[in-house]
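Chain by chain, the residues:
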Amino acid sequence: MPKMLQEILGAEVRHHTRGGADLAAQLDPEDELGIATANALRNETWDYVVLQEKSDGPILARTDFFQNIKALCKQIRANGAVPVLYATWPFQKESLRLRELGISYEEMYDKLHKAYEQAAEENDALMADVGTQIYQLSEKQALYDVDGFHPNQTASEIAAKIIAQTIKQHEQI
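Summary of the structure given here. No experiment lies behind these values; they were computed from the predicted model shown.

### Looking at the packing of aromatic side chains
Summed over the entire model, instances satisfying the criterion amount to six aromatic pairs. Plain terms: the ring middles of Tyr 86 and Trp 89 are 6.1 Å apart, the flat faces sit at 50° to each other, and that makes the pair tilted. Judged by relative accessible area, which is 7%, Tyr 86 ranks as buried. Classification of Trp 89 by relative accessible area gives buried; the value is 5%. With 5.7 Å between their ring centres and 70° between their planes, Phe 91 and Phe 149 make a pair best called edge-to-face. Separated by 58 residues along the polypeptide, Phe 91 in the loop between strand 2 (82-86) and helix 6 (96-101) and Phe 149 in the loop between helix 8 (130-137) and helix 9 (153-171) bring together distant segments of the chain. One exposure class covers both Phe 91 and Phe 149, and it is buried. In textbook terms, an aromatic cluster arises when at least three aromatic residues are bridged by ring pairs, as seen for Phe 65, Phe 66 and Tyr 116. Lying across the ring of Phe 149, Arg 97 places its NZ or CZ 3.9 Å from the centre.

### Comments concerning the packing of helix 1 (residues 2-9) against helix 9
Two elements in contact, helix 1 and helix 9, have axes whose closest approach is 9 Å; the angle formed by their N-to-C orientations is 45°. Considering the angle they form, helix 1 stands oblique to helix 9. Classified by chirality, the crossing of helix 9 by helix 1 is right-handed. Taken together, the residues of helix 9 that come into contact with helix 1 (itself represented by Met 4, Leu 5, Ile 8 and Leu 9) are Gln 153, Ser 156, Glu 157, Ala 160, Lys 161, Ile 163, Ala 164, Ile 167 and Lys 168.

### As for the sheet that holds strand 1 (residues 48-51)
Either a parallel or an antiparallel arrangement is found when strands of a sheet pair, and the pairing is made through backbone hydrogen bonds. Taking strand neighbours across the sheet as the criterion, the three strands line up as 1-2-3 in an open arrangement whose pairing is parallel. Whereas interior strands pair on both sides, the edge strands pair on one side only; in this sheet they are strand 1 and strand 3 (126-128). With direction set aside, neighbouring strand axes in the sheet form an average angle of 30°. The sheet contact formed by strand 2 and strand 3 spans three bridges and is parallel. Looking across to strand 3, one finds that Tyr 86 is bridged to Ala 128. Running at roughly 145° to strand 2, helix 5 (residues 62-78) makes contact with strand 1 and strand 2 of the sheet.

### So, the side chain of Thr 132
Relative to the elements of secondary structure, Thr 132 occurs in helix 8. Note on Thr 132: relative accessible area 13%, which makes it buried. Residues in contact with Thr 132, not counting those within four places in the same chain, are Tyr 109 and His 113.

### Topic: the side chain of Glu 53
Within the secondary structure, Glu 53 sits in the loop between strand 1 and helix 4 (57-60). Despite its burial, Glu 53 remains without a salt bridge, the nearest opposite charge being carried by Lys 54 at 6.5 Å. In this structure the side chain of Glu 53 is engaged in a polar contact, spanning 3.2 Å, whose partner is the backbone nitrogen of Leu 23. Beyond its immediate stretch of four places on either side in the chain, Glu 53 contacts Asp 22, Leu 23, Pro 58, Phe 65, Thr 88 and Tyr 116.

Here is what the cut-offs are and how they apply
Residues numbered from 1 in each chain as written. Predicted model: local features only at pLDDT ≥ 70, side-chain atom pairs only at ≥ 80, totals over all residues. Heavy atoms only, no water. Phe/Tyr/Trp six-rings, centres within 6.5 Å; stacked < 30°, edge-to-face > 60°. Buried < 20%, exposed > 50% of the residue type's maximum accessible area, 1.4 Å probe, protein only. Helix = DSSP H or I, 4+ residues; strand = E, 2+ residues; numbered from the N terminus. Lys NZ or Arg CZ within 6 Å of the ring centre and 35° of its normal. Axes fitted to C-alpha atoms, helices over the stretch in contact; angles between N-to-C directions. Parallel < 35°, antiparallel > 145°, perpendicular 65-115°, else oblique. Left-handed = near helix turned anticlockwise from the far one by under 90°. Contact = heavy atoms within 4.5 Å. Pairing = 2+ DSSP bridges. Lys, Arg positive; Asp, Glu negative; His and termini not counted. Salt bridge = Lys/Arg side-chain N within 4 Å of Asp/Glu carboxyl O. Polar contact = N/O pair within 3.5 Å; in protein donor to acceptor, adjacent residues only side chain to side chain.

See the structure below:
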């Protein structure tokens, strides 16, 4: 997806990611992600920095989610960049992961959407609302990978387009 975003924007896109990592890893001075992120924000200049929490983080670790967003947005703004929150989507309807959470597809969407919306508002961050688009389209087309929570190619393209659109709209202001 970062490569797709780079192609759409025609700009350099770098990412510090690892499967299963949460935003706390980006703040951890002993984690390779945290070290890379701190170095990038201290030693390089960025226009935008996109933040994505792991799928269920805003639900299972709500307090941590808000604290980590706040801390990262502060660092991003100190760098002179604009924070962009990549709002994610619920696990696939009827999936094992969703059943393990003990909530419905609609409830997970609502909790995620509200958490990202609140975090964006509290931190004066942009919100790339990918989650709503995936939620609205998932009944009509296949958007999940076989695991029921990661995006397939189509959903990744949607995510890249929405993040790019969010950035481009901000640049027009």
